[in-house]
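For reference, the chains in residue letters:
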Amino acid sequence: MPTKYPFAVRLIGFDEQEADKLEKAFAAEQGRGMAYFRLLEDNLQDPDLYLANADDLKALVQLSYQGPSEIRPALLIGTPIIALPHAAIQRPIQWPLLFTALDTLVEKRADALARLEASDIITVPERRRRDRVDLDLTDPADYKSIRRVPVDGGVLVVDKAAMLRDYLAGVLGRLQLPVGWVNGAEAAITYCSENKVSVVVINTSTPDIDPYALCQQIKRSNSFRQTSVILLTSKLFVYQTMRARCAGCDGFLNKPLAPHHLLSALRKFLPLPYTQG
C-alpha cells in the first residue's frame with residue numbers, strides 16, 4: 001500500500017491543551033483517510049491548510065495576514081463574531097465532522113492546484129512573527145523600520161556530506177546565489193567570516209556539532225549576526241524551542257523534506273531577486 005501524503009496544518013489561536021488534542025486526533029486518524037500533521041510554531045514549512053480558533057479575534061486577525069486561499073484554505077472552529085468566507089465547524093468538536101471538513105478542503109485545494117498548475121501566480125504568503133491587530137492605528141513606516149531585510153549573500157550548508165549543497169547549488173546557482181558546504185562548526189564560522197552569507201542551514205545530525213551553540217556563535221558575531229540560521233531536524237532530534245530562540249535560530253524544517261518545501265522556506269530569508277521570483 002503506497003504511503004499517503006501527509007498534509008501540513010498550521011494551528012492559529014488555540015491554547016496548548018486544545019492544540020494537543022488536535023495533534024493527537026491527527027495522529028489517531030493516520031491510516032483511515034487523508035493524513036494530517038500539526039506544524040509547530042517555529043517550523044518554517046509552508047502549510048497546506050490553516051485551522052483557526054474562530055472564538056479568538058486575535059486569531060482571526062492573524063489568519064487574515066496569512067492570506068488563506070483556495071490553495072491554502074482555512075477551516076474555522078467555533079463561531080466568529082464577523083462573517084468570514086471560510087468553512088467552519090462548531091464547538092464542541094465532533095472529530096468525524098472535523099476530518100470530513102478537512103478532507104473537503106483538501107479536495108478543493110487539489111482542484112485549484114490543477115487549474116493553476118500551468119500558471120505562475122501561486123505565491124507564498126509572508127509569514128509574520130508580529131501580529132498587526134492595530135493596522136488602522138499604526139503608521140506602516142513603523143513596521144517597515146522593524147522589518148528585517150535579508151542579508152546580501154548566499155547559502156552555507158553545514159552537513160556531514162555535500163549532497164544537499166550540490167542540489168542547492170544547481171538551483172540557486174542559476175540565480176547567481178553561491179552555495180557553500182562545510183562539515184564542522186569551526187569551518188562554518190570561518191566560511192561566514194570570509195563570505196557573504198544570507199542563510200546557514202545546519203543539519204542537526206552532523207557529527208560533533210551542537211546546532212544551538214553554532215547558531216549562537218553565528219548570531220553573536222558582529223560580522224554576521226544578521227545571517228539567518230535554519231535547522232534541519234530528524235525524527236530523533238527534539239527541537240527545543242526556548243533554547244533555539246535564545247540562540248537566535250530562525251526556525252526549523254523536518255526531514256525528510258520535499259525540495260520545494262526547502263526552497264520555499266529559504267526564499268523567506270534570501271535577498272533579491274530570488275525572494276520575488
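For the structure itself, look to the data block above.
This write-up is about the structure you can find in this document. The residue numbering used here restarts from 1 in each chain and proceeds along that chain's sequence as written. In keeping with the model being predicted, local features are shown solely for residues with a pLDDT of at least 70 and side-chain atom pairs are shown and tallied solely at 80 or more, while totals for entire chains, interfaces and linings include all residues. By convention in this description, side-chain values take in all heavy atoms of the structure and omit both hydrogens and water.

**Observations concerning the pattern of salt bridges**
- The term salt bridge refers to a pairing of a side-chain nitrogen on Lys or Arg with a carboxyl oxygen on Asp or Glu at a separation within 4 Å. Under the criterion given, the structure shown has 14 salt bridges.
- The shortest N-O distance in the salt bridge between Glu16 and Arg38 comes to 3.4 Å. With a gap of 22 residues between them, Glu16 in helix H1 (residues 16-28) and Arg38 in strand S2 (residues 35-39) connect regions that are remote in the sequence.
- Note on exposure labels: buried denotes an accessible area under 20% of the residue type's maximum, exposed denotes more than 50%, and partly exposed covers the range between, all computed with a 1.4 Å probe on protein chains only. Look at Glu16 and you get partly exposed, because its relative accessible area is 48%.
- In this structure Arg38 comes out as buried when scored by relative accessible area, which is 16%.
- A salt bridge links Arg91 to Asp55; the nearest nitrogen and oxygen atoms lie 2.5 Å apart. Here Arg91, found in the loop between strand S5 (87-89) and helix H3 (95-116), pairs with Asp55, found in the loop between strand S3 (49-53) and helix H2 (57-66); they are 36 residues apart in sequence, far enough to count as distant.
- One network of salt bridges, in which partners are shared, links Glu16, Asp20, Glu23 and Arg38. Put simply, DSSP H or I for four residues or longer makes a helix, DSSP E for two residues or longer makes a strand, and each gets a number counted from the N terminus.

**Some points on the pairing of strand S6 (residues 154-158)**
- Most of S6 is tucked away, with 5 of its 5 residues classed as buried.
- In the sheet, S6 pairs with strand S8 (residues 197-203) via 5 bridges, with the strands oriented parallel. Pairing of Leu156 across the sheet is with Val200, part of S8.
- Here a strand pair is declared whenever DSSP counts at least two bridges between the two strands. Bridge count between S6 and strand S7 (residues 179-182): 4 bridges; the pairing is parallel. Each residue of the ladder has a partner; that of Leu156, found in S7, is Gly180.
- With strands facing away from the observer, any crossover in which the path from the first strand over the helix to the second runs clockwise is taken as right-handed. Note that the unit made of S6, helix H5 (residues 163-172) and S7 has a crossover that is right-handed.

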